[in-house]
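# Structural description and commentary
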Amino acid sequence: MQRQTNIQTSINIRMYAPGAVLALCLPCFLSGNVFGYDYGEEYSDSYYNEISNGDRLQTGPTQIPCPPQDLSRWDKLFIMLEDSQMKQDMLMQQTEDMVKAEMDTIWKELHKLNNNKACVQASENTCKCISEQMNRNLNQAMEQLRKVADMYQAQNNETLQQLIQFSRSQASRLTKLESNSVLGAGLGQVAMKSFSAYPKEQEASNVDGGKLERALMATAVDLQKVHAQLALFQRATAHRYLPSGCEMALLFPMRSKHIFAEVTPSMSMSLQSFTICLWAKVTQSLNKTVIFSYGTKKQPQELQLLLARRSVLLTVGGETHLVEAHSVVTDGQWGHFCAAWSSEQGLATLWVNGEHVAREHGVAEGDVLSGDGFFLLGQERSRSGFYRDLDSSVAFTGKMTGVNMWDHVLEAERIKEYANHDGSCDGRGNVIGWGVSEIIPHGGAQYIN
């Protein structure tokens, strides 16, 4: 029994000895000094703590491997932990403050954006109200002009009726005088009486005639004023609105190499003749302002319809083959331009506002327009073929509509018909048809109503 007790005690000592050693050595690890090694010193060699199994299984009294340390090291450790926790809390607080500041900035930007949308909507509503008010004022002015014209027309009709009645009364008096003069001497006295009374009537008629003449002069002056106002109104409406029948137009707001329109023809082409017609209102025409052009890699200026100050020109197969019309272009006004060409005999013609203004033979005679080029409105193709190399000095600025091209020469009657303001955009070309063919604006060019 005593032997079993000793054996059990030995087993218990062997089981709890490692735990006791670990409990005693843990403060040394935490304090930075294990088995006499100072971690504060520079250590370049590797040290290994070897504990043999025999040492771990000793049954004798347990020896403390390291002396107890001062409790101030625990204080320092807790202070370091507290400092680390405080730094972590400070970093978290700073991060939260930064996130809150960014969120506040984003909310402010969103609020500004919402305010801007409201401003844009308010501006649109204001512009719409102004437009409606201007239209109402314009309609009122037109109605007043109509009323004034009707009033003056009624006054003129009344004045004419008075003149007719006055002339009839004068004619009847002359007839009476003639009939009295034909009567005998017995009626001479009656005729003399009537003749003596006639100057008084004539004097009264002269007074009425003077008043009537002054009224007619005043009416004529008022009619001239109305005519001037109507002419001014017609010029204003012509400057503002498109030709009749054209619902949209291309706007080229400024002279820039980036502002033009590219046209895709409605059919594959190899042309021996053509007719081009379009409406254009140029803001300012320079020495060379291109309206319509077609170019290939071999010949960048194969076909051009262009303006030069007050002149219009058509070139086919290069600038040396051309036809030109002078003093037919006016800046700021709509004009209808047509150009026709036939390879046979090289006959080229120009039409402006329905009038035949130029004709030339031998222009690119025998040439054929190939179908591997590009159509441009308001610009010409560069020699390199890249849009970045376009020339801003030849760019068109203004408005353009009703652009059509046919693969044959149109009759003169058709050209005159298309030049009329009424229904001027009803025709469609079979090569390029306005409102049918694809016309893509580039840069700042855009469609307007």
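What comes next concerns the included structure.

### Overview of the state of the cysteines
Applying the stated criterion to the full structure yields one disulfide. The partner cysteine of cysteine 277 in its disulfide is cysteine 338, sulfur to sulfur 2.0 Å. Between cysteine 277 and cysteine 338, the disulfide has an S-S torsion of 120 degrees and is therefore right-handed. Taken together, the positions of cysteine 277 in strand β5 (residues 273-282) and cysteine 338 in strand β10 (residues 335-342) put the pair 61 residues apart, joining distant regions of the chain. For the pair cysteine 277 and cysteine 338, one class covers both residues: buried. Note on cysteine 127: no disulfide assigned, nearest cysteine sulfur contributed by cysteine 129 at a separation of 9.3 Å. In this structure cysteine 129 comes out as partly exposed when scored by relative accessible area, which is 47%.

### Observations regarding the side chain of arginine 381
For arginine 381, the location among the structural elements is in the loop between β13 (374-377) and β14 (398-406). No salt bridge is formed by the buried arginine 381; the nearest opposite charge belongs to glutamate 262, separated by 7.9 Å. When near neighbours in sequence (up to four residues on either side) are disregarded, arginine 381 contacts Ser293, Gly295, Thr296, Lys297, Pro300, Gln301, Phe374, Leu376 and Leu390.

### Concerning the pattern of salt bridges
On inspection of all chains with the given rule, the structure shows two salt bridges. For glutamate 143, the salt bridge identified is with arginine 146, shortest N-O distance 3.5 Å. With glutamate 143 and arginine 146 both in helix α3 (residues 72-182) and three residues apart, the pair spans about one turn of that helix. For lysine 288, the salt bridge goes to glutamate 380, with nearest N and O atoms at 3.1 Å. On the criterion of sequence distance, the pair formed by lysine 288 in the loop between β5 and β6 (289-295) and glutamate 380 in the loop between β13 and β14 is long-range, its members being 92 residues apart. A relative accessible area of 11% means that glutamate 380 is categorised as buried.

### What about the nonpolar core?
With 45 residues, the main nonpolar core has Phe274, Leu278, Phe292, Leu303, Leu377 and Met405 as its most contacted residues. The contacts of phenylalanine 274, once residues within four sequence positions are left out, are Leu303, Leu314, Val316, Ala339, Ala340, Trp341, Leu369, Met405, Trp406, Asp407, His408 and Val409. Core analysis: the next-biggest nonpolar cluster, separate from the first, contains eight residues, Leu242, Leu251, Trp334 and Ile448 among them.

Reading guide: rules and limits
Residues numbered from 1 in each chain as written. Predicted model: local features only at pLDDT ≥ 70, side-chain atom pairs only at ≥ 80, totals over all residues. Heavy atoms only, no water. Disulfide = S-S within 2.5 Å. Helix = DSSP H or I, 4+ residues; strand = E, 2+ residues; numbered from the N terminus. Buried < 20%, exposed > 50% of the residue type's maximum accessible area, 1.4 Å probe, protein only. Lys, Arg positive; Asp, Glu negative; His and termini not counted. Salt bridge = Lys/Arg side-chain N within 4 Å of Asp/Glu carboxyl O. Contact = heavy atoms within 4.5 Å. Core = buried A, V, L, I, M, F, W, Y, C linked by side-chain atoms within 4.5 Å.

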